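Chain by chain, the residues:
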Amino acid sequence: MRNFHIGLAQLDCSSPELATNLETTTEAIRVAASSGASLVVLPELAASGYRLDRQVLLASAESVDDPGLILSAWADQARIHQVAVVGGFAEAANGGLFNSAAVIGPDGNIVGTYRKLHLFSEERTVFDAGNRGLPIFELGDIRLGVALCYDLRFPEVL
């Protein structure tokens, strides 16, 4: 197995402006990649900022079937820097709104998404609970599982 380095990006993505969060997250991917990361992990809801306003989140939500501004930019950065990226975003899918994490391969293709299973407190009034279980993502010879925040309180997830 080759060396595999993970870059964890601890960021303030609280701006209501997507352009600001886009700049913050793409810079974090660039910096982590230049520091030798093979995988860059961005925070929960890094695309929109962690806010519990359904209308705001719906306005910034993206679909992996038709990636918008943020997912497209993360995919471009993954491809340019040859790194995998896991990043949190509000996902619009099948009439639902999910607190999701996209898993993007170093070729820029979206490998899949994890939808947060265990919603905390007021998150239940904004998001639909994840409906994909606990998928395992393949990134070359690396197998990767994803969990978001409150999910770690449930041992079966880990």
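Structure first, text after, so check above.
Draft legend 1. Here's a closer look at the packing of helix 1 (residues 18-34) against helix 3 (residues 69-81). Packing of helix 1 against helix 3 leaves a shortest axis separation of 10 Å and a crossing angle of 15°. Taken together, the axes of helix 1 and helix 3 lie roughly parallel to each other. The hand of the helix 1/helix 3 crossing is right-handed. On helix 3, the residues that touch Leu18, Leu22, Thr25, Thr26, Ile29, Arg30 and Ala33 of helix 1 are Leu69, Ile70, Ala73, Trp74, Gln77 and His81. Taken together, the residues of the contact of helix 1 with helix 3 break down into eight nonpolar, four polar and one charged.

Draft legend 2. Seen up close, the sheet that holds strand 4 (residues 96-104). Across the sheet, five strands lie side by side as 1-2-3-4-5; this open sheet has mixed pairing. Of all the strands in the sheet, just strand 1 (6-8) and strand 5 (110-115) have a single pairing partner and so form its edges. Strand-to-strand twist across the sheet, computed as the mean angle between neighbouring axes with direction ignored, equals 30°. Pairing of strand 4 with strand 5 involves five bridges; the strand directions are antiparallel. In the sheet register, Val103 faces strand 5, and the bridge partner there is Gly112.

Draft legend 3. Focus on the packing of aromatic side chains. Applying the stated criterion across every chain, the model contains two aromatic pairs. Consider the rings of Tyr150 and Phe154, whose centres lie 5.4 Å apart with planes at 85°: the pair is edge-to-face. Classification of Tyr150 by relative accessible area gives partly exposed; the value is 22%. Members of the aromatic cluster, joined through ring pairs, are Phe120, Tyr150 and Phe154. Directly above the aromatic system of Phe98 lies the positively charged group of Arg115, at a separation of 4.3 Å from the ring centroid.

Draft legend 4. Region of the structure containing the nonpolar core. Counting 23 residues, the largest nonpolar core has Ile29, Val40, Leu42, Trp74, Val83, Val85 and Ile104 as the members making the most contacts within it. Counting residues per element, the ones that place at least two in this core are helix 1, helix 3, strand 3 (84-93) and strand 4. Among the elements that make up this core, the one with the highest residue count is helix 3 (six residues). Discounting residues that sit within four places of it in the chain, Leu42 has contacts with Ala9, Leu11, Thr25, Ala28, Ile29, Trp74, Val85, Val86, Gly87 and Gly88. Core analysis: the next-biggest nonpolar cluster, separate from the first, contains 12 residues, Val103, Tyr114, Phe137 and Leu148 among them.

Draft legend 5. Main features of unusual backbone geometry. You will see that Gln82, though not glycine, has its phi angle at about 55°, which is positive. In the Ramachandran plot, Asn94 falls in the positive-phi region, its phi being about 50° despite a non-glycine side chain. Structurally, Asn94 is set in the loop between strand 3 and strand 4.

Draft legend 6. Region of the structure containing the environment of Thr20. Along the polypeptide, Thr20 turns up in helix 1. Look at Thr20 and you get partly exposed, because its relative accessible area is 38%. Along the sequence, Thr20 and Leu8 sit 12 residues apart, while their C-alpha atoms lie 19 Å from each other.

Thresholds, definitions, all that
- Residues numbered from 1 in each chain as written.
- Predicted model: local features only at pLDDT ≥ 70, side-chain atom pairs only at ≥ 80, totals over all residues.
- Heavy atoms only, no water.
- Axes fitted to C-alpha atoms, helices over the stretch in contact; angles between N-to-C directions.
- Helix = DSSP H or I, 4+ residues; strand = E, 2+ residues; numbered from the N terminus.
- Parallel < 35°, antiparallel > 145°, perpendicular 65-115°, else oblique.
- Left-handed = near helix turned anticlockwise from the far one by under 90°.
- Contact = heavy atoms within 4.5 Å.
- Nonpolar A, V, L, I, M, F, W, Y, C, P; charged D, E, K, R; others polar.
- Pairing = 2+ DSSP bridges.
- Phe/Tyr/Trp six-rings, centres within 6.5 Å; stacked < 30°, edge-to-face > 60°.
- Buried < 20%, exposed > 50% of the residue type's maximum accessible area, 1.4 Å probe, protein only.
- Lys NZ or Arg CZ within 6 Å of the ring centre and 35° of its normal.
- Core = buried A, V, L, I, M, F, W, Y, C linked by side-chain atoms within 4.5 Å.

What is shown is where atoms sit, not what they do.
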